[in-house]
Amino acid sequence: MPVTDVELSHAAEAGTSPSVLVADKLNRRLSESASVNDISFSLARGDVLGLLGLNGAGKSTTLRMLCGVLVPDSGSVSVKGLSMEDHPLVAREHIGYLPDQPPLYNDMRVSEYLKLAGQIRGLKATKLRSRQTAITEQCDLGDVQHKLIGTLSKGFRQRVGLAQALIHEPAVVLLDEPSNGLDPQQMEGMRRLISDIAQSQAIIFSTHLLSEAKAICNRIAIIHAGRLVADRPADGTDLELIFHGATS
Amino acid sequence: MIRVVARHECASLLRNAQTWIMAAIMAALFGYLFLKQLEAFITVQGQLATQDHPTGLSGFMAVRYLEPLSLAFTLVAPLFAMRSFSEEFRQHTYALWQSSPVSTRALVVGKFLGVLSVLSLLVLLAAGMLLIMRVFIPIDLLLTLSATFGLLLCAAACASCGLFFSSLTQHSLIAIVASLSLLLISWMLGSANFGTLPLQALQDLSIAVHLRGFFQGYIQTRDIAFFTLMMTLFLGLTIIRLDALRQTGR
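The structure contained in this document is the topic of the report that follows.

### Observations regarding the overall build of chain A
- What chain A contains, in helices and strands, is nine helices and ten strands.
- Out of the 248 residues belonging to chain A, those deemed buried represent 51%.
- Expressed as a percentage of contacts within chain A between residues at least 6 apart in sequence, the contacts between residues at least 24 apart total 68%.
- Split by element, the accessible area of chain A, about 10,800 Å² in all, is 49% carbon and sulfur.

What follows is the structure, given as structure tokens:
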């Protein structure tokens, strides 16, 4: 049975947040050397899960399976109680995804792009206008909203990518290394933005930096060679040991 | 959702300089061919008048002006469609569609309609040159509309072929070479001389053979069915290919 927003709010008030995202024994083999094995976890509203691992550990593959871009060989994903296999279109309505390379059209203006992102997520005209205004403000895109995306700096491009993932107020936001290639100031801005949106949404944030994960997330899952080796609160003292143990 | 995708595709084509360059070349070709054939008609008008059933201006122009343009549209339609998916793969923007609640069918049909709407403007421009003569002399409207319909079907079928090949690769050039090769083979089948009966059936796969009737003013169900099947086949294959991307991941 799909979980409604009202049920989620009631559960959150009662301190029994039901899961908005459940991944159950996800398996995916991409090549001889790259695969994801038996990944399981669940996420409630307000959770910010850091998916931590080295390059090639399987973070992006896991995120792609969670948002329906890639079909798992076995296992299942459900979003707000909706199975990604049985109801892919409805389930994807509740997901916002920012891949490692933001899906941006260089020849579009920021405002046009956000409008398109909202339209393909099914937002009606009035709602779209209000969300566009809100997300432009939230992601601090006001000064560049009439500029061509191709002319923007890396930091702004990343913000536009994030804005498209958030415009429809999804229950789950999946961010694949969103701070990659940003300078320290831009990275700080991105962290603040993620902390802002974490109030009302569940977030999975992939990174290969433990310090970054600790700074942003309230839960950290370490993934190594396609396997989940730890899933702990971000203040866990053994995280560093596990991460270095797994990766050395 | 199809309308949103179609509008985006159309706008994206119109933002691209290549589209305008191709449109300008096509417009120049229309103008040159139109004036050349009009002049030819004026030259042979006297001889035509002595025939039992003289060909009028509409009949002459449909065969001598609009019919050759179908080959031009066969070459140009895949050029308009070639960027549809290959460019999305190359620029990594396809993830936006894959992660959004847009079905593959809506995406493919939307992109096809977007490309077709731009091609339709060119078809209308080509037919418009002939129709504008209606101000000065009587024109066989039904014959002109039949020829225009044929051109439009040809452009649509070739665009669907281009769309399919564009979904196979991120290199637009490979997509265009592959689709043009297939379409030109289809054209050549029409002029090849096959002796034996089973091979003669290959002529039924020719675009040229199925277009002929439209320019002579008779629209046959089998010709419409040919182009409709061609579109359905290529759009269907594109949907299968894009759905398979979720399985293969590449």
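Next comes the rest of the account.
### What to know about the state of the cysteines
- In the structure shown here, the tally under the stated rule is zero disulfides over all chains.
- In this structure C10(B) is a free cysteine whose sulfur lies 19 Å from that of C158(B), the closest cysteine sulfur available.

### With respect to the interface of chain A and chain B
- Facing 28 residues of chain A, the contacting portion of chain B comprises 24 residues.
- Of the roughly 2,400 Å² buried between chain A and chain B on both sides combined, carbon and sulfur atoms contribute 55%.
- Of all residues in chain A, the largest losses of buried area upon contact with chain B belong to R92(A), Y105(A) and I120(A), amounting jointly to 26% of the total for that side.
- Applying the counting criterion to the chain A and chain B interface returns one salt bridge.
- Here D107(A) makes a salt bridge to R15(B), at a shortest N to O gap of 3.5 Å.
- Summed over the shared surface of chain A and chain B, the number is nine residue pairs in polar contact (both at pLDDT 80 or more).
- Here the side of chain A that touches chain B takes five residues from helix α4 (residues 110-120) of chain A, the largest share from any one element.
- Grouping the amino acids of the side of chain A that touches chain B by side-chain chemistry returns 15 nonpolar, six polar and seven charged.

### Points about the nonpolar core
- Within the largest apolar cluster, 121 residues are counted, with the highest numbers of intra-cluster contacts made by F73(B) and I207(B).
- The element best represented in this core is helix α7 (residues 141-166) of chain B, accounting for 14 residues.
- Those residues in contact with F73(B) that sit more than four places away from it in its chain are M26(B), F30(B), P78(B), L119(B), L122(B), V123(B), L151(B), A155(B) and C158(B).
- Within the second largest apolar cluster, 32 residues are counted, among which are L26(A), L82(A), V172(A) and A95(B).

### Details of the packing of aromatic side chains
All names here are of chain B.
- Within the structure shown, the criterion is met by ten aromatic pairs over all chains.
- Seen from their ring centres, F89 and Y94 are 5.2 Å apart, and the 90 degrees between their planes marks the pair as edge-to-face. The pair F89 / Y94 is uniform in exposure class, with both members buried.
- Look at F149 and F214: their rings are 5.8 Å apart centre to centre, the planes differ by 75 degrees, and that puts the pair in the edge-to-face class. Of this pair, F149 sits in helix α7 while F214 sits in helix α10 (residues 207-215), placing them 65 residues apart in sequence.
- One aromatic cluster is present, built from ring pairs that chain together F149, F214, F226 and F227.
- Over the aromatic face of F85 sits the side chain of K111, whose NZ or CZ is 5.3 Å from the ring centroid.

### A look at the sheet that holds strand β7 (residues 172-176) of chain A
All names here are of chain A.
- Reading across the sheet, the six strands line up as β6-β7-β8-β3-β9-β10 and stay open at both edges, with mixed pairing between neighbours. Strand pairing shows two members of the sheet lacking a second neighbour, β6 (95-98) and β10 (227-233), which therefore form its edges. The mean angle between the axes of side-by-side strands here comes to 15 degrees, regardless of whether they run parallel or antiparallel.
- Relative to β7, β6 runs parallel, the two sharing four bridges.

### With respect to the pairing of strand β8 (residues 202-207) of chain A
Residues and elements named next belong to chain A.
- By the criterion of burial, β8 is predominantly enclosed, with six of the six residues buried.
- Residues of β8 alternate between two faces, with A202, I204 and S206 on one and I203, F205 and T207 on the opposite face, all of them buried.
- Bridge count for strand β3 (residues 48-52) against β8 is five bridges, and the pairing is parallel. Paired with L52 across the bridge in β8 is T207.
- Note that β7 and β8 share five bridges and pair parallel. In the sheet register, V173 faces β8, and the bridge partner there is I203.

### Considerations on the pattern of salt bridges
Residue and element names in this part refer to chain A.
- In total, this model carries 13 salt bridges over all chains according to the counting rule given.
- E177 is the salt-bridge partner of K59, the closest N and O atoms lying 3.6 Å from each other. Here K59, found in helix α2 (residues 59-66), pairs with E177, found in the loop between β7 and α7 (184-197); they are 118 residues apart in sequence, far enough to count as distant.
- Residue classification places K59 among the buried residues on the basis of a relative accessible area of 3%.
- By relative accessible area, E177 is classed as buried at 10%.
- Between R219 and D231 there is a salt bridge whose closest N-O contact spans 2.9 Å. Of this pair, R219 sits in strand β9 (residues 219-224) while D231 is found in strand β10, placing the two residues twelve residues apart along the sequence.
- Residue R219 is classed as buried on the basis of its relative accessible area, which comes to 16%.
- On the basis of relative accessible area, D231 is assigned to the partly exposed category, the value being 30%.
- Here the residues in one salt-bridge network are D47, R219 and D231, joined through shared partners.

### A closer look at the packing of helix α3 (residues 57-81) of chain B against α10(B)
Residues and elements named next belong to chain B.
- Orientation of α3 relative to α10, taken along the N-to-C sense of each, is 145 degrees, at an axis distance of 10 Å. In this structure, the crossing between α3 and α10 has a hand that is right-handed. Two secondary-structure elements touch here, α3 through A62, V63, L66, E67 and S70 and α10 through L211, R212 and F215.
- For the contact of α3 with α10, a count of residues per class yields five nonpolar, one polar and two charged.

### A word on the environment of L70(A)
- If you trace the backbone, L70(A) turns up in the loop between α2 and β4 (74-79).
- L70(A) sits in the buried class, given a relative accessible area of 1%.

Criteria and thresholds
- Residues numbered from 1 in each chain as written.
- Chains lettered and ligands numbered in written order.
- Predicted model: local features only at pLDDT ≥ 70, side-chain atom pairs only at ≥ 80, totals over all residues.
- Heavy atoms only, no water.
- Helix = DSSP H or I, 4+ residues; strand = E, 2+ residues; numbered from the N terminus.
- Buried < 20%, exposed > 50% of the residue type's maximum accessible area, 1.4 Å probe, protein only.
- Contact = heavy atoms within 4.5 Å.
- Areas by Shrake-Rupley, 256 points an atom, 1.4 Å probe, with all protein chains shown as cover.
- Disulfide = S-S within 2.5 Å.
- Buried area = accessible area lost by both parts, 1.4 Å probe.
- Salt bridge = Lys/Arg side-chain N within 4 Å of Asp/Glu carboxyl O.
- Polar contact = N/O pair within 3.5 Å; in protein donor to acceptor, adjacent residues only side chain to side chain.
- Nonpolar A, V, L, I, M, F, W, Y, C, P; charged D, E, K, R; others polar.
- Core = buried A, V, L, I, M, F, W, Y, C linked by side-chain atoms within 4.5 Å.
- Phe/Tyr/Trp six-rings, centres within 6.5 Å; stacked < 30°, edge-to-face > 60°.
- Lys NZ or Arg CZ within 6 Å of the ring centre and 35° of its normal.
- Pairing = 2+ DSSP bridges.
- Axes fitted to C-alpha atoms, helices over the stretch in contact; angles between N-to-C directions.
- Left-handed = near helix turned anticlockwise from the far one by under 90°.

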